[in-house]
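Residues per chain, in single letters:
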Amino acid sequence: MSTSAVGLTTAQPQNREVDAVVIGAGFGGLYMAHQLREMGLTVQGYESAPDVGGTWYWNRYPGARTDCEGYYYCYSFDPEMLQQWNWTERYPTQPEMQSYFGYVADKFDLRRSYRFGTRVESAVFDENTDRWQVRTETGEQTSAIYLITAVGILSAPNLPNFPGIESFTGPAYHTAYWPEEGVELAGKRVGIIGTGSTGVQAIPMIAEQAEHLTVFQRTPNYVIPARNRPVSQEEMDEIKTRYDEVWAKVRRHWFSFPFDMANMLAGSMEENERTRIYEKAWANGGFPFLFSFDDLLFDPVANESAAEFVRGKIRETVEDPAVADLLSPRYPFGAKRPPSGTGYYEAFNRDNVSLLDVAANAITEITPRGVRLTDGTEHEVDVLVFATGFDASTGAMTRMNIVGRDGVVLADKWAEGPNTHLGISTHGFPNMFMITGPQSPFTNIPPCAQNTADWIAEAITHLRREGASRMEATEAAEQAWTEQITAIAEQTLLTAGKDVHSWFTGTNVEGKAAVINVFFGGADKYMDICEQVAADNYSGFEITTTEPAYAN
Ligand code: NA7
């Protein structure tokens, strides 16, 4: 097969052969497709959304915006792009992210390699040909040597199985499938279930539009004020002069942020001084609050100081003490991913917002007119919003029918939790590479996704150079990686709230295996490990050099 054709147009015939199939047109997939094309491989991309953007295509709910600042929540691979693109707000909105993806896709002519509005139904490894047979829901079939999944950590929506959910007579939406044309909320009684990062962004916006908003809260969150603001051209121009430094810092940071570590410990600091530092971080806003001290995620005393600081802010902001108490988390700060909010706690001071505790008084059913709780009360709403999160990390992978060697189905293999080497490869699934896969770090995603795509591109180059037909994680390596990520997570407080539903541990989805899904050793260390593995001739991977499946 020729590898000289670069990219495929959407007019290609069915049942064709390509070098690589890339699933997903978000940060990971788009860059992977670009890289593979640059290497001279033929690429077919599939994306279920009608256009590029991945999670940013789908999440159009009111208030949807990034929690990371735009200037480092983006690609860094192209210096020209960094100089051309201007962010207009500190935390870009969904439409601004969508424009950014459109800009990137246009610049590198990436759409021609994708089939949009096309969901992959199955990918089956054919051991006779060493090729993946990929089938879409539209019946299209493509075979590829390499299968790269870039399906996102948080992309498979979680809709809890509430009895009676089908009976609701009004419009109901999961936030991840918010209609493009928007939803008319004015004059409506709206109910929202869920107060994670999504609910936290949506609640103040919906409260401004709806006649009444009822918030069904199961677990409160530690919400840090985002302090969003416009970014002036002067500020953008200044940022552009120091992008090299920005990316160098990102590479060295635990969560891929362009910040230095605090070099301060809250656990041993005198209280007044500690409070002064928290106040400063609170005024600055956003994720950096989490990094105001280096021990917040490790030392229970330090952690409680941050937790109590936030609880104090909630008491200061929320006028009704009972509501403030209900909004105050009791689990360790960071055990659930802390959201950034704009006017979140303030929204609960509005006359048209009410907060219900569905931990103490759980939702028993959705009725035709609203939501019924354990105490029998029915809360009537005209519109129901499910901000109930995602079957994170593994969901988007296991919902596809991926079948590896010996007929092993990925969903079965991972029934008790995922096991991978580096979050990139799993034993029994040769030449399948995952970007932001389970057991990879949860960080500022774009830099990490880009880094992993680079790693995969290098690995594929290595395979082709060696004339190798298969590469997959060894069983021993993935067992070691699984043990390592579990041990690391247990050293942090991120898993300390064992009773807290969290997508970090799979406990947010009913019936899902409760295991740690994320590498919490730091994105910087993770990238070091990946580099070392490559330098060690891909240690932990089995590379088979049999009859090549392609002519080089
Ligand atoms: P999250 O953070 O998983 O939040 C989901 C919310 O939905 C959370 O408040 C849940 O309560 C609530 N939920 C889920 N199931 C139920 C049931 N059965 N009853 C009541 N409440 C329920 O998802 P998000 O979309 O907000 O954010 C996901 C990530 O996207 C975020 O971390 C960012 O990285 C971007 P719970 O806390 O489980 O008690």
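About the thresholds
Residues numbered from 1 in each chain as written. Predicted model: local features only at pLDDT ≥ 70, side-chain atom pairs only at ≥ 80, totals over all residues. Heavy atoms only, no water. Near = heavy atom within 4 Å. Polar contact = N/O pair within 3.5 Å; in protein donor to acceptor, adjacent residues only side chain to side chain. Pairing = 2+ DSSP bridges. Helix = DSSP H or I, 4+ residues; strand = E, 2+ residues; numbered from the N terminus. Axes fitted to C-alpha atoms, helices over the stretch in contact; angles between N-to-C directions. Buried < 20%, exposed > 50% of the residue type's maximum accessible area, 1.4 Å probe, protein only. Contact = heavy atoms within 4.5 Å. pLDDT = per-residue confidence, 0-100. Domains from an automatic or database assignment. Buried area = accessible area lost by both parts, 1.4 Å probe. Salt bridge = Lys/Arg side-chain N within 4 Å of Asp/Glu carboxyl O. Expected span 1.5 Å × (residues − 1). Arc of directions from axis to C-beta. Phe/Tyr/Trp six-rings, centres within 6.5 Å; stacked < 30°, edge-to-face > 60°. Core = buried A, V, L, I, M, F, W, Y, C linked by side-chain atoms within 4.5 Å.

**Let's talk about the site of the ligand**
Part 1 of the reasoning: Taken together, 21 residues surround the ligand, and among them Thr195, Thr198, Arg218, Thr219 and Lys336 come closest.
Part 2 of the reasoning: For the ligand, an oxygen atom lies 2.9 Å from a polar atom in the backbone of Ser197.
Part 3 of the reasoning: Note that an oxygen atom of the ligand is positioned 3.0 Å from one of the side-chain N or O atoms of Trp503.

**Remarks on the sheet that holds strand β14 (residues 370-373)**
Part 1 of the reasoning: Strand order in the open sheet formed by three strands is β13-β14-β15, and the pairing between neighbours is antiparallel. Each of the sheet's edge strands pairs with one partner strand only, and the pair in question is β13 (363-366) and β15 (378-380). For this sheet the average axis-to-axis angle between neighbouring strands, irrespective of direction, equals 25°.
Part 2 of the reasoning: Of the pairings in the sheet, the one linking β13 to β14 comprises three bridges and is antiparallel in character. By the bridge assignment for β14, Ile363 is matched with Leu373.

**What about the side chain of Thr136?**
Part 1 of the reasoning: By the secondary structure assignment, Thr136 is in strand β5 (residues 131-136).
Part 2 of the reasoning: Thr136 gets classed as buried once you look at its relative accessible area, which sits at 1%.
Part 3 of the reasoning: Separated by 2.7 Å, the side chains of Thr136 and Thr138 make a polar contact.
Part 4 of the reasoning: For Thr136, the contacting residues outside a window of four places in its chain are Tyr46, Thr118, Arg119, Val120 and Glu121.

**Details of the confidence of the model for the protein**
Part 1 of the reasoning: Taken residue by residue, the protein gives an average pLDDT of 94. The fraction at 70 or more is 96%.
Part 2 of the reasoning: Confidence drops under pLDDT 50 across residues 1-13; counting only partners more than four residues distant or on other chains, this segment forms 37 contacts.
Part 3 of the reasoning: Low confidence marks residues 548-552, where pLDDT is under 50. Its contacts with residues over four positions away, or in another chain, come to 13 contacts.

**Some words on the domain arrangement of the protein**
Part 1 of the reasoning: One can read the domain layout of the protein as domain 1 (3-157 + 392-545) and domain 2 (165-230 + 251-386).
Part 2 of the reasoning: Once you take the C-alpha centre of each, domain 1 and domain 2 turn out to be 29 Å apart.
Part 3 of the reasoning: Across the contact, 44 residues belong to domain 1 and 47 residues belong to domain 2.
Part 4 of the reasoning: Where domain 1 abuts domain 2, roughly 3,900 Å² becomes buried across the two surfaces, and 56% of that area is made up of carbon and sulfur atoms.
Part 5 of the reasoning: Interface area lost by domain 1 to domain 2 is led by Asp67, Arg90 and Leu493, which between them contribute 19%.
Part 6 of the reasoning: Inspection of the region where domain 1 meets domain 2 yields four salt bridges.
Part 7 of the reasoning: For Arg337, the salt bridge identified is with Asp67, shortest N-O distance 2.5 Å.
Part 8 of the reasoning: Across the domain 1-domain 2 interface, the total number found is 22 residue pairs in polar contact (both at pLDDT 80 or more).

**Some words on helix α15 (residues 475-491)**
Part 1 of the reasoning: The first and last C-alpha atoms of α15 sit 25 Å apart over 17 residues, in line with the 24 Å expected at 1.5 Å per residue.
Part 2 of the reasoning: Within the span of α15, buried status applies to Ala477, Glu478, Trp481, Ile485, Ile488 and Ala489. Take α15 and look down its axis: the buried residues cluster within an arc of 100°, on one side only. Relative to its buried face, α15 has exposed residues pointing more than 90 degrees away, namely Glu475, Ala476, Gln479, Glu490 and Gln491.

**Things to note about the packing of aromatic side chains**
Part 1 of the reasoning: Taken as a whole and assessed by the stated rule, the structure comprises 52 aromatic pairs.
Part 2 of the reasoning: Look at Phe162 and Phe386: their rings are 6.1 Å apart centre to centre, the planes differ by 25°, and that puts the pair in the stacked class. Of the two residues, Phe162 sits in the loop between β6 (141-149) and β7 (172-174) while Phe386 sits in strand β16 (residues 383-386), which places them 224 residues apart along the sequence.
Part 3 of the reasoning: A relative accessible area of 12% means that Phe162 is categorised as buried.
Part 4 of the reasoning: What makes Phe386 buried here is its relative accessible area of 4%.
Part 5 of the reasoning: Centre to centre, the rings of Phe504 and Phe520 are 5.0 Å apart; their planes meet at 80°, and the pair counts as edge-to-face.

**Focus on the sheet that holds β16**
Part 1 of the reasoning: Taken in spatial order, the five strands of this open sheet run β7-β16-β8-β9-β12, and their pairing is parallel. Each having just a single partner strand, β7 and β12 (353-357) make up the two edges of the open sheet. Each adjacent strand pair in this sheet contributes to an overall mean axis angle of 20°, direction not counted.
Part 2 of the reasoning: Bridge analysis of strand β8 (residues 189-193) against β16 gives four bridges, and the strand direction is parallel. Bridge pairing in β16 places Gly191 opposite Leu384.

**Focus on the pairing of strand β1 (residues 16-23)**
Part 1 of the reasoning: When you tally the buried positions in β1, you get seven out of eight residues, the bulk of the element.
Part 2 of the reasoning: Here seven bridges tie β1 to β6, and the two strands are oriented parallel to one another. Across the sheet, the residue bridging to Val22 is Ile148, located in β6.

**With respect to the nonpolar core**
Part 1 of the reasoning: Ranked by internal contacts, the top residues of the largest apolar core, which has 137 residues, are Tyr100, Ile148, Phe289 and Trp455.
Part 2 of the reasoning: Ranked by residues supplied to this core, first place goes to helix α14 (residues 445-466) with nine residues.
Part 3 of the reasoning: Residue contributions to this core reach at least three from each of two domains, namely domain 1 (3-157 + 392-545) and domain 2 (165-230 + 251-386).
Part 4 of the reasoning: Sequence-distant contacts of Ile148, that is, excluding residues within four places in its chain, are made with Ala20, Val21, Val22, Ile23, Met32, Leu36, Phe433, Ile435, Ile456 and Ile460.
Part 5 of the reasoning: Core analysis: the next-biggest nonpolar cluster, separate from the first, contains 22 residues, Phe125, Trp414, Met432 and Met434 among them.

**A few points about helix α8 (residues 271-284)**
Part 1 of the reasoning: Between the first and last C-alpha of α8 there are 20 Å, a value that for 14 residues agrees with the 20 Å anticipated at 1.5 Å per step.
Part 2 of the reasoning: Looking only at α8, the buried set comprises Arg274, Ile277, Tyr278, Ala281 and Trp282. All buried residues of α8 lie within an arc of 140° about the axis, which places them on one face of the element. Facing away from the buried side of α8 by over 90 degrees, the exposed positions are Asn272, Lys280 and Ala283.
Part 3 of the reasoning: Buried-residue contacts for α8 involve β10 (224-225) and α9 (300-317).

**Digging into the side chain of Asp391**
Part 1 of the reasoning: Topologically, Asp391 is positioned in the loop between β16 and α12 (395-398).
Part 2 of the reasoning: Classification of Asp391 as buried rests on a relative accessible area of 12%.
Part 3 of the reasoning: Among the polar contacts made by the side chain of Asp391, one reaches the side chain of Lys512 at a distance of 2.6 Å.
Part 4 of the reasoning: Among all residues touching Asp391, those that are not within four sequence positions of it are Ile153, Ala156, Pro157, Asn158, Ala396, Arg399, Val509 and Lys512.

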